[in-house]
Amino acid sequence: MTAPPAARLLHRHLRGQWPAMRRLSAWSVVESLPMFASGLLLARAVDHGFLAGRTMTGLGWLAVLAALYAVGAVATGRVYPWLAATVEPLRDSLVTEVVAAALRRMADQAPDAAGASVSQVTEQAEAVRALVGTALRNVRQLVSAGAAALVGLALLSPLLALVICLSVALALGVYAAFVSLQIRRYRAVIRQAERIGEVAATVVHGVRDVAACAAEDRAAAAVGEVVDTQAEALRAYARTRWVRLPVLALGVHLPLLALLVLSPYLTAHHGLTAGQIAGGAGYLVTGLQPGITVLVDAGGTLLLSLAVVLGRLAEVCAVPEEPPPGTATAESSGIEAEHVTFAYSPRAAPVIEDLSLHVPEGTHLAVVGPSGTGKSTLANLLAGLLEPRKGKITLGKVPLPHLDPAHLRSSIALIPQESYVFAGTLRDNLTYLNPEAAAPALEEAAAAVGLSELVDRLGGYESDIPPGGGDLSQGERQLITLARAYLSPARVIVLDEATSHLDPATEARAEEALATRGGTLIVIAHRMTSAERAHQVLLLDGPVPLLGTHETLQTRSRTYADLVGHWHT
Ligand SMILES: Nc1ncnc2c1ncn2[C@@H]1O[C@H](COP(=O)(O)OP(=O)(O)OP(=O)(O)O)[C@@H](O)[C@H]1O
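Rules behind the numbers
Residues numbered from 1 in each chain as written. Predicted model: local features only at pLDDT ≥ 70, side-chain atom pairs only at ≥ 80, totals over all residues. Heavy atoms only, no water. UniProt positions renumbered as here; feature names shortened; annotations may be inferred. Pairing = 2+ DSSP bridges. Helix = DSSP H or I, 4+ residues; strand = E, 2+ residues; numbered from the N terminus. Axes fitted to C-alpha atoms, helices over the stretch in contact; angles between N-to-C directions. Buried < 20%, exposed > 50% of the residue type's maximum accessible area, 1.4 Å probe, protein only. Near = heavy atom within 4 Å. Polar contact = N/O pair within 3.5 Å; in protein donor to acceptor, adjacent residues only side chain to side chain. Areas by Shrake-Rupley, 256 points an atom, 1.4 Å probe, with all protein chains shown as cover. Nonpolar A, V, L, I, M, F, W, Y, C, P; charged D, E, K, R; others polar. Domains from an automatic or database assignment.

- Under the annotation held in an unreviewed UniProt entry, the protein chain carries the name ATP-binding cassette subfamily C protein and is attributed to Actinomadura coerulea.
- Recorded under Subcellular location (unreviewed entry), the UniProt text for the protein chain is reproduced unchanged: "Cell membrane".

Put into structure tokens, the structure is as follows:
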């Protein structure tokens, strides 16, 4: 069974404080010694001292008890440094984790609401520190005193201790049965508090717009609604507090009643003395009763708050699970976009909106459009480097995220405008995507894209390319990357203005080579002549993308006709 996330979060942050907590526990044992001994010493003082007519003996036992209380007081003083050593680092590490997690989530929220959430979780982390501090200070003290009283009681009269333990266990059982309901309702209270922060922040941020639209009543109603919901959540939580009545009756009043009722029987049949009865009453009144009362009143609320606030922080810290990498492979190089929408951030206007596109295997598609209309963004989406916010992209009918990542990388090659040429031989540069390529394949690629002349000029495939490409021109670098794409195993090649430094004739030759090598070719066109060569043309301009052929688009789109006209003039 795994622990709840709240407990795991607390454990993670307390892990480094075990040495301090061990010392805290050790001093707690010393601190509860007077409680443990009080009933036993009181019984001796009464039976062997005051009732036996030996007042000094009785006072002597009480003096021993007083000395033990002094030892307990020293132990209480020693508890505080270890308390601080436990709680202060907890706050620092918790705040670091939750604020980092909340900021990571900001990208998916409105900034105002996210800001409110960050301040809320910071407050909640501070609340955890305060609650753990109070729990370790007060509840720890009372619970250890209660436990010491029960052990002392067991030594005094096992039968009496048994009766009292049963009653206390019953009380705690009733309390435990209601705790989950209380936690649920208290969690609703905390959620509503956060909601108030978010709604109020949104209204305050937009207060000028609210005034301009005379929407004060609407804004007030929106805030009022969440405040009312919060009030109802608080009332629902308050209604669960009646459970303290049966718990206190069973845990506090019934044991005392049992002691009084059973006293004659215990005296007659079990030899219980008056001193032992007084000692037992002392354990009940000074040890058990305050412990149970505080646990149910302040301690209950405190532990409840701690459970709920920690649970909330654990939700904030939970890192969304990464989907497992895909394992599928694509059988064909047909690529499809279905209702794809993409924006660079949740609040930004989409660059691509509801785009559907089918590029069958073996097709040559050109993408054209004015600058900034999303052509490079589309190239990255089709290559699987960006993920659509809505819709999906498939290769051979398989959604890109379902494909085995290595298969995806080897199936689609994206060649950007900036050529990547690295230090090594020309062969190393050409076979970068296909290290197994043999000499005939290299010759074929170089001849196909028009690189042979450069190969000869450089002195063959084993010639060295210096770091950064040396004095190779931009066009020569582009030719090298085009030959690299030709040699690659990719069945889909996406050229993102990858021929921009080539003259039109060399560009045409390279594009035709890549189009006829097999597979699918997508060209983000640098010149309109690229569109003339393609089977299909996608025009990106404005909200509705247009798909057609070079001929049909000239009649269907004024922008396309302008682009063609501009190019030819
Ligand atoms: N990484 C990014 N973060 C935020 N916005 C971006 C990013 N990359 C591009 N954009 C924006 O997305 C829009 C489309 O850009 P993109 O580069 O896809 O257009 P394009 O049609 O290829 O332009 P160009 O022809 O000038 O290269 C532009 O408004 C651009 O500013």
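What follows picks up the thread again.
### What to know about the sheet that holds strand E12 (residues 546–548)
Reasoning step 1: Sheet architecture is open: 6 strands sit in the order E6-E9-E10-E3-E11-E12, paired in mixed fashion. With partners counted over all chains shown, the strands left at the sheet margins are strand E6 (412–415) and E12, one partner each. Put simply, the sheet's adjacent strands are angled 15° from each other on average, direction ignored.
Reasoning step 2: Note that strand E3 (residues 364–368) and strand E11 (residues 536–539) share 4 bridges and pair parallel.

### Regarding the sheet that holds strand E4 (residues 390–395)
Reasoning step 1: One open sheet accounts for 4 strands, arranged E2-E1-E4-E5; its pairing is antiparallel. For this open sheet the edge positions go to strand E2 (352–359) and strand E5 (398–399), each flanked by a neighbour on one side alone.
Reasoning step 2: Sheet analysis places strand E1 (residues 335–342) next to E4, joined by 5 bridges and oriented antiparallel. Following the sheet pairing, Glu336 is matched in E4 by Thr394.

### Details of the pairing of E1
Reasoning step 1: The element E1 is largely enclosed, with a buried count of 6 among its 8 residues.
Reasoning step 2: With 5 bridges joining them, E1 and E2 adopt antiparallel strand pairing. Residue pairing in the sheet places Ala337 in a bridge with Leu357 of E2.

### A short note on the site of the ligand
Reasoning step 1: Surveying the vicinity of the ligand reveals the residues Tyr344, Val351, Pro370, Ser371, Gly372, Thr373, Gly374, Lys375, Ser376, Thr377 and Glu497.
Reasoning step 2: Between the ligand and Gly372 there is a distance of 2.8 Å, counted from an oxygen atom to a backbone nitrogen or oxygen.
Reasoning step 3: The protein chains hide 52% of the 630 Å² of surface that the ligand would expose on its own.
Reasoning step 4: Its residues assigned to classes, the shell around the ligand comprises 3 nonpolar, 6 polar and 2 charged.

### Some remarks on the domain arrangement of the protein chain
Interfaces are often described in size by the accessible area the parts lose on coming together.
Reasoning step 1: Taken domain by domain, the protein chain comprises domain 1 (7–185 + 230–316) and domain 2 (335–568).
Reasoning step 2: Relative to domain 2, the C-alpha centre of domain 1 lies at a distance of 69 Å.

### Structural notes on unusual backbone geometry
Reasoning step 1: Phi is positive for Asp354, close to 50°, though the residue is something other than glycine.
Reasoning step 2: Mapped onto the elements of the fold, Asp354 is located in strand E2.
Reasoning step 3: Taking relative accessible area as the criterion, Asp354 reaches 44% and is therefore assigned partly exposed.
Reasoning step 4: For Glu497, which is not glycine, the phi dihedral falls at a positive 50°.
Reasoning step 5: Relative to the assigned elements, Glu497 resides in the loop between strand E9 (492–496) and helix H17 (504–516).
Reasoning step 6: For Glu497, a relative accessible area of 18% corresponds to the buried category.

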